[in-house]
Amino acid sequence: MAADDNNKPLRKIAEAFKSLSNSINKDDDTNNTTSETLDSCTMELAPFSNACSLVSPLFRCLGIAFRFAEMDYVAKVDDLVEASKSISTLQAMMDGDIESNCVRKGGSHTRNLLRVKRGLDMVRVLFEQIIATDENSLKSPASTAYAQVFAPHHNWAIRKAVAAGMYALPTKAQLLMKLNEDEVSARTQMQIYIGASAAVILYIDKLFHSKDLGIDW
Ligand code: 1PW
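Residues numbered from 1 in each chain as written. Predicted model: local features only at pLDDT ≥ 70, side-chain atom pairs only at ≥ 80, totals over all residues. Heavy atoms only, no water.

- The protein has a UniProt comment under Sequence similarities (unreviewed entry) that states "Belongs to the GLTP family." (UniProt positions renumbered as here; feature names shortened; annotations may be inferred.)

The structure is reproduced here in structure tokens:
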């Protein structure tokens, strides 16, 4: 059935991140995520990695040019999903990597988490830009999102490849059709994701800082 939630990836993403962000603020009366409150506020890895996997279809909708971005994102999310079978929280996962001295090692859970977080952030900025413009082309929204989130961490070759991919993006109308949304419903769901993901991203950044890991690598 067309109205079935299974056909509405945007709705699933928005709901999953809304519930994740609600779980951050639970048990946190002051709403002030200092390192002290971070300790008392945990995020479970299973619902987090599951929410991240819901974003993958969105990358797929961005067309053939972003196949590599999609593959890279999916592989890293899969690693977190796999880790969630034996590790309960994001904190515990990072502590394990710190103990094994492999935080920055290629393929480490913590390193993958940082990359996945950037993927979430890029989608957040992309949605902000889509909402802010009347244009049907996604080139400018996607370029802005990439420039803001990923470009500072990518070498020249990757930046060039992504810039080339910007010419092969679907139009906004095509994207909405693939997502099975209209202009109005998409805007609502995007706004929910923008607010909820911002809270989740901020939480993860604070987690990295609280463990002195930095987020610029
Ligand atoms: C939504 C608008 C369209 C913009 C899409 C931008 C996609 C950006 C991701 C491209 C990633 C593909 C190239 C892979 C880069 C990896 O070297 C890098 N991964 C990321 C996500 O930056 C680092 O991965 P590593 O070394 O930790 O395995």
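### Digging into the nonpolar core
So, point 1. In terms of nonpolar packing, the biggest core is built from 64 residues, with Phe17, Phe48, Val55, Leu113, Leu120 and Phe208 touching the most fellow members.
So, point 2. What Phe48 contacts, discounting residues up to four positions off in sequence, is Leu20, Met43, Leu80, Leu90, Leu113, Leu120, Val200 and Ile204. (Core = buried A, V, L, I, M, F, W, Y, C linked by side-chain atoms within 4.5 Å. Buried < 20%, exposed > 50% of the residue type's maximum accessible area, 1.4 Å probe, protein only. Contact = heavy atoms within 4.5 Å.)

### Quick look at the site of the ligand
So, point 1. Around the ligand there are 15 residues in total, and Lys76, Arg111, Arg115, Met122 and His154 lie nearest to it.
So, point 2. Here an oxygen atom of the ligand and a side-chain polar atom of Lys76 are 2.8 Å apart.
So, point 3. Residue Arg115 places a side-chain N or O atom 2.9 Å away from an oxygen atom belonging to the ligand.
So, point 4. Here the ligand, which alone exposes 700 Å², has 82% of that area covered by the protein.
So, point 5. At a threshold of 2 Å from the grid points, most atoms of the ligand map onto the largest pocket.
So, point 6. Taken together, the elements giving at least two residues each to the shell around the ligand come down to α5 (67–83), α7 (109–132) and α8 (139–149).
So, point 7. Examining the composition of the shell around the ligand, we find that four residues originate from one element, α7, more than from any other.
So, point 8. For the shell around the ligand, the class distribution of residues is ten nonpolar, one polar and four charged. (Near = heavy atom within 4 Å. Polar contact = N/O pair within 3.5 Å; in protein donor to acceptor, adjacent residues only side chain to side chain. Areas by Shrake-Rupley, 256 points an atom, 1.4 Å probe, with all protein chains shown as cover. 1 Å grid on protein atoms, 1.4 Å probe; cavity = no way out; pocket = protein on both sides within 12 Å on 5 of 7 lines; lining within 4 Å. Sits in = over half its atoms within 2 Å of the grid points. Helix = DSSP H or I, 4+ residues; strand = E, 2+ residues; numbered from the N terminus. Nonpolar A, V, L, I, M, F, W, Y, C, P; charged D, E, K, R; others polar.)

### Quick look at empty space enclosed by the protein
So, point 1. Scanning the model with the defined rule gives one cavity of 30 Å³ or more in all.
So, point 2. Looking at the largest cavity, its volume works out to about 70 Å³.
So, point 3. Considering the residues around the largest cavity, the lining is formed by Ile130, Ile131, Lys172, Leu176, Glu183, Ala186, Arg187 and Met190. (Points joined across faces, edges and corners; volume = space filled by probe spheres on them.)

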